[in-house]
Amino acid sequence: EPLHGQAWLDILQTEGLSFDWHWFEQWIGKSDRLLAEHVITTYQLALEVPDLQKMKREAYYALVAKDLQLFPGVLEGLTFFTNRLPIALATSSSATDVEAVFSAQPIANLFRSIVHADHVMPNLKPKPD
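Residues numbered from 1 in each chain as written. Predicted model: local features only at pLDDT ≥ 70, side-chain atom pairs only at ≥ 80, totals over all residues. Heavy atoms only, no water.

Peer 1: What is the right way to look at the nonpolar core in this model?
Peer 2: If you look at soluble globular proteins, the nonpolar side chains tend to sit buried side by side. Within the largest apolar cluster, 23 residues are counted, with the highest numbers of intra-cluster contacts made by Trp8, Leu12, Trp23, Leu35, Val39 and Leu52. Those elements that provide at least two residues to this core are α1 (2-14), α2 (21-25), α3 (32-42) and α4 (49-67). Examining the composition of this core, we find that six residues originate from one element, α1, more than from any other. Beyond its immediate sequence surroundings of up to four residues, Trp8 is in contact with Phe24, Asp32, Leu35, Ala36, Leu52 and Lys56. Listed in part, the seven residues of the second largest apolar core include Ile87, Val98, Phe102 and Leu110. (Core = buried A, V, L, I, M, F, W, Y, C linked by side-chain atoms within 4.5 Å. Buried < 20%, exposed > 50% of the residue type's maximum accessible area, 1.4 Å probe, protein only. Helix = DSSP H or I, 4+ residues; strand = E, 2+ residues; numbered from the N terminus. Contact = heavy atoms within 4.5 Å.)

See below:
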């Protein structure tokens, strides 16, 4: 989440909107589409939702490539459990987001199965059914 938040804060800053992490926290667990719709409507940005989402994705991928670090203990924990149990990853992130993370931190081999948002389209957050 930290890099998603930073990407949003950076992109919105380029649009003249200055927010902090506290503001972003309300959007954790919600889709980028909902955040983009809210910001465009509330602050009357002259952007379309897909365009703002694309700007954020590009900023996110740049941050991932440059700054992504695993949280302390994640690699050790995954390695420990992978050697004992089959591990799967289920995420509401897109396949492209998952690929960006695995490019920056090559840990995909630690998961027996990976399920991402593209596998469960069109129903994502907030009601994936």
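Peer 1: Would you explain the pattern of salt bridges in this entry?
Peer 2: Proximity of charged atoms lets side chains of opposite charge pair with each other. Tallied over the full model, the rule gives four salt bridges. Here Lys56 makes a salt bridge to Asp32, at a shortest N to O gap of 2.9 Å. Taken together, the residues span a long stretch of sequence, with Lys56 in helix α4 and Asp32 in helix α3 at a distance of 24 residues. A relative accessible area of 1% places Lys56 in the buried class. We note a salt bridge from Lys54 to Glu58, for which the minimum N-O separation is 3.8 Å. Of this pair, Lys54 and Glu58 both sit in helix α4, four residues apart, which is roughly one turn of that helix. (Salt bridge = Lys/Arg side-chain N within 4 Å of Asp/Glu carboxyl O.)

Peer 1: Help me understand a nonpolar patch on the surface, please; the structure alone is not making it clear to me.
Peer 2: On the surface, a cluster of nonpolar side chains totalling about 290 Å² of accessible area is made up of Phe80, Phe81 and Leu85. Looking at where Phe80 falls in the secondary structure, it is placed in helix α5 (residues 74-82). (Patch = residues over 30% accessible without salt bridge, like charges linked within 9 Å, V, L, I, M, F, W, Y side chains within 5 Å. Areas by Shrake-Rupley, 256 points an atom, 1.4 Å probe, with all protein chains shown as cover.)

Peer 1: Sorry, what's going on with the packing of aromatic side chains here?
Peer 2: Pairs of aromatic rings are described using the distance from one ring centre to the other and the angle between the two planes. In the structure shown here, the tally under the stated rule is seven aromatic pairs. Their ring planes at 50 degrees and their centres at 6.3 Å tell us that Trp23 and Trp27 sit as a pair that is tilted. Take Trp23 and Trp27: they sit in the same class, and that class is buried. Through a chain of ring-to-ring contacts, the aromatic side chains of Phe19, Trp23, Trp27 and Tyr43 assemble into a single cluster. We note Lys56 situated over the ring of Tyr60; from NZ or CZ to the ring centre the distance is 5.0 Å. One residue, Arg84, lies across the ring of Phe80, its end atom 3.7 Å from the ring centre. (Phe/Tyr/Trp six-rings, centres within 6.5 Å; stacked < 30°, edge-to-face > 60°. Lys NZ or Arg CZ within 6 Å of the ring centre and 35° of its normal.)

Peer 1: Looking at this structure, I do not really get the side chain of Ser31. What am I missing?
Peer 2: Within the secondary structure, Ser31 sits in the loop between α2 and α3. Of the polar contacts made by the side chain of Ser31, one reaches the backbone nitrogen of Leu34; its length is 3.1 Å. (Polar contact = N/O pair within 3.5 Å; in protein donor to acceptor, adjacent residues only side chain to side chain.)

Peer 1: Please clarify how the environment of Gly5 should be interpreted in this entry.
Peer 2: Looking at the secondary structure, you find Gly5 in helix α1. Once the C-alpha coordinates of Gly5 and Leu52 are considered, the two residues, 47 residues apart in sequence, prove to be 14 Å apart. Sequence-distant contacts of Gly5, that is, excluding residues within four places in its chain, are made with Trp21 and Phe24.

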